[in-house]
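# Architecture at a glance
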Amino acid sequence: MDRPPPPRPSTSARWLSALAFAVSVAVISIAAGAAASAETAAFSLENPAPGVYVHYGQLADVALDNEGDVANVGFVVGAQCVAVIDTGGSYAVGRALRASIRTVTGVPVCFVINTHMHPDHVFGNAAFADDHPQFIGHARLADALRRRGSNYVAALQRTLGERADGSRIVLPTRAVAATEDLDLGGRVLELRAWRTAHTDNDLTVLDRATGTMFIGDLAFVGHLPVVDGSLRGFIAVTDELSSMAVAHPIPGHGRAGAWPAALAPQARYLRGLAADVRAAIKSQRTLSQAVADVAVTGDDWLLVDAFHKRNVTAAYAELEWEE
Ligand SMILES: [Zn+2]
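Each residue is numbered by its place in its chain's sequence as written, counting from 1. pLDDT decides what is reported in this predicted model: residues at 70 or higher carry local features, side-chain atom pairs at 80 or more are listed and counted, and totals for whole chains, interfaces and linings draw on all residues regardless.

### Regarding the overall build of the protein
For helices the rule is a DSSP run of H or I covering at least 4 residues; for strands it is a run of E covering at least 2, with both sets numbered from the N terminus onward. A count of helices and strands for the protein gives eight helices and twelve strands. For the purpose of contact definition, each residue receives a C-beta atom placed from its backbone, and two residues are in contact when these atoms lie within 7 Å. In the protein, the proportion of contacts linking residues at least 24 apart, taken out of those at least 6 apart, comes to 69%.

### What about helix 6 (residues 264–282)?
Take the residue count of a helix, subtract one, and multiply by 1.5 Å to get its expected span. For helix 6, which comprises 19 residues, the first-to-last C-alpha distance of 27 Å matches the rise-based estimate of 27 Å (1.5 Å per residue) to within 8%. Looking only at helix 6, the buried set comprises Gln 266, Tyr 269, Leu 270, Leu 273, Val 277 and Ala 280. One side of helix 6 holds all its buried residues, which, seen down the axis, span an arc of 95°. Residues of helix 6 that are exposed and point over 90 degrees away from its buried face: Ala 275 and Lys 282. Counting other C-beta atoms within 10 Å of a residue's own tells you its class, since 20 or more makes it buried, 12 or fewer makes it exposed, and anything in between is partly exposed; those C-beta atoms are placed from the backbone. For this quantity, the arc is that covered by the directions from the helix axis to the C-beta atoms.

### Side note on the sheet that holds strand 6 (residues 134–138)
DSSP calls a pair of strands paired once it identifies at least 2 bridges connecting them. Judged by pairing direction, the sheet is mixed, and its seven strands sit side by side in the order 1-2-3-4-5-6-7 without closing on themselves. Two strands in the sheet have a free side with no partner beyond their single neighbour: strand 1 (46–49) and strand 7 (174–176). Sheet twist, expressed as the mean angle between neighbouring strand axes with direction ignored, is 25°. Examined bridge by bridge, strand 5 (residues 109–113) and strand 6 share three bridges and lie parallel to one another. Within the sheet, the bridge partner assigned to Phe 111 lies in strand 6 and is Gln 134. In this analysis, axes come from line fits to C-alpha atoms, helices being fitted only over the stretch in contact, and the angle between any two N-to-C directions falls in the range 0 to 180 degrees.

### Points about the sheet that holds strand 9 (residues 188–193)
Spatially, 8-9-10-11-12 is the arrangement adopted by the five strands of the open sheet, whose pairing is mixed. Each edge of the sheet is formed by a strand with only one pairing partner; in this case those strands are strand 8 (179–183) and strand 12 (248–253). Neighbour-to-neighbour, the strand axes of the sheet open up by a mean angle of 25°, direction not taken into account. With five bridges joining them, strand 8 and strand 9 adopt antiparallel strand pairing. Pairing of Glu 180 across the sheet is with Leu 191, part of strand 9.

### Concerning the nonpolar core
Joined through C-beta atoms within 7 Å, a set of buried Ala, Val, Leu, Ile, Met, Phe, Trp, Tyr and Cys residues constitutes a nonpolar core. Counting residues in hydrophobic clusters, the biggest one holds 80 residues, and the most contacted among them are Phe 75, Ala 83, Val 84 and Ile 113. Val 84 has contacts with Phe 75, Leu 97, Val 109, Phe 111, Val 112, Ile 113 and Phe 128, leaving out every residue within four places of it along the chain.

### With respect to helix 4 (residues 141–160)
The end-to-end C-alpha distance of helix 4, which contains 20 residues, comes to just 24 Å, noticeably less than the 28 Å that a straight helix rising 1.5 Å per residue would cover. The angle between axes fitted to the seven-residue stretch ending at a residue and the seven-residue stretch beginning at it gives the bend at that residue. Along helix 4, the largest kink reaches about 55° and is centred on Arg 148. Within helix 4, the full set of buried residues consists of Leu 141, Leu 145, Tyr 152, Leu 156 and Leu 160. In the core, the buried residues of helix 4 are packed alongside helix 3 (119–122) and strand 6. Directly beyond the C-terminal end of helix 4, a positive phi value near 55° is found at Gly 161.

### Description of the packing of helix 5 (residues 231–242) against helix 6
Running from N to C, helix 5 and helix 6 point in directions that differ by 155°, and their axes come no closer than 10 Å. Looking at the two axes, helix 5 sits roughly antiparallel to helix 6. Once helix 5 is placed against helix 6, the crossing between them reads as left-handed. Here Leu 231, Phe 234, Ile 235, Thr 238, Asp 239 and Ser 242 of helix 5 lie close against helix 6, whose contacting residues are Gln 266, Ala 267, Leu 270, Arg 271, Leu 273 and Ala 274. For classification purposes, an angle smaller than 35 degrees is called roughly parallel, one larger than 145 roughly antiparallel, one from 65 to 115 roughly perpendicular, and anything else oblique. Whether a crossing is left-handed or right-handed is set by the direction in which the near helix is turned from the far one by less than a right angle, anticlockwise for left-handed and clockwise for right-handed.

### With respect to the pairing of strand 11 (residues 212–220)
The element strand 11 is extensively covered by neighbouring structure, given that nine of its nine residues are classed as buried. Here strand 10 (residues 203–207) pairs with strand 11 via three bridges, running antiparallel. The residue of strand 11 that forms the bridge with Val 205 is Phe 214. The pairing of strand 11 with strand 12 spans five bridges and is parallel. Residue pairing across strands places Met 213 opposite Pro 249, the latter belonging to strand 12. Call a crossover right-handed when, viewed with both strands pointing away from you, the route from the first strand across the helix to the second goes clockwise. Note that the unit made of strand 11, helix 5 and strand 12 has a crossover that is right-handed.

### Re the environment of Ser 230
Position of Ser 230 relative to the elements: it lies in the loop between strand 11 and helix 5. C-beta crowding within 10 Å serves as the criterion here: with 19 such atoms nearby, Ser 230 is assigned to the partly exposed category. In sequence terms Ser 230 and Ala 317 are 87 residues apart; their C-alpha atoms lie 10.0 Å from each other. Leaving out residues up to four positions away in the same chain, Ser 230 has contacts with Thr 196, Ala 197 and Glu 318.

### Let's talk about the environment of Ala 317
Here Ala 317 lies in helix 8 (residues 304–319). Sequence separation of Ala 317 and Leu 287 is 30 residues, and the distance between their C-alpha atoms is 8.3 Å.

### Section: the pairing of strand 9
In this structure, the hairpin formed by strand 8 and strand 9 is closed by a connection of four residues, where Gly 185 is found at a positive phi of approximately 90°. Bridge analysis of strand 9 against strand 10 gives five bridges, and the strand direction is antiparallel. Counted as the bridge partner of Arg 192 is Thr 204 from strand 10.

### Some points on unusual backbone geometry
Trans is the common state for peptide bonds, and a negative phi is the common state for residues other than glycine. Residue Trp 259 is joined to Pro 260 through a cis peptide bond whose omega torsion reads 5°. Residue position: Pro 260 is located in the loop between strand 12 and helix 6. Even without being a glycine, Glu 67 presents a positive backbone phi close to 55°. Looking at Glu 67, the number of C-beta atoms within 10 Å reads 25, which means it is buried. Positive phi, normally seen in glycine, also occurs at Leu 303, with a value near 70°. Tracing the backbone through its elements, the reader meets Leu 303 in the loop between helix 7 (287–293) and helix 8. Residue classification places Leu 303 among the partly exposed positions, given that 18 C-beta atoms sit within 10 Å.

From the geometry alone we can't say anything about function, so treat these as descriptive.
Written as structure tokens, this is what we have:
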């Protein structure tokens, strides 16, 4: 006995299933495009010293066209371990950084170090989760990320949409309260937790073998310095860093030329900001008047519109009570 023929789908059902197939193909290719864009785009790596690699992020605010690739990130290769220093402003950037490490070495990533809490330096952490590294930061980093993390995630999703997929806060598993040495096998990194300056959780990483220092956002070059901790502290730390011998300085943003000359514009900006805000407070200007009046003078900076008024606001709040 013949089986009954399978029911024929109606024309509209066939059309719908064809449409569904087309949509699913489109979704897959969009997803693949989003996942691959940062990874397959040229992720430039520089090699300023033996075993030291740096990717210079764009001098820009986080935006769709850069996927959060706006901070300098890098890694140091030892005989047993790779240490990653900052991971970029999205999971996509972290993935690209991880892929770039694998073009250089097969040595495992044992350490992921964050120089501070800001989202453009930490959102790539999740790309290293499968490596099961120690995530290392300043002793105050975990608290700062707990306080701000959900706002950072929401802001990234607003800015990047689906390009933010996979980006999440990964808390440190190891805290540095003062100084610590990190042995990568045949080379040692010196970690130093600083007093409140750019933020209250700034950490620097010095590769002793080559004199390379990853300074994070205690050093801005070209990109307007940002004050999210203490203006007075930032001035003091800038002065202290300027007194140190650094063969290969890697700022958090921009490129450092001669050292410490590269820090001079930052020192001038921060001192000028303090002087102008103190003058505004002394002459009884309100906060909003100070924000309107205090201008950037002297050096040329990028991203003044994005950050200067916030710096004046932070400086006013800090300096108002100093007398
Ligand atoms: Zn920062």
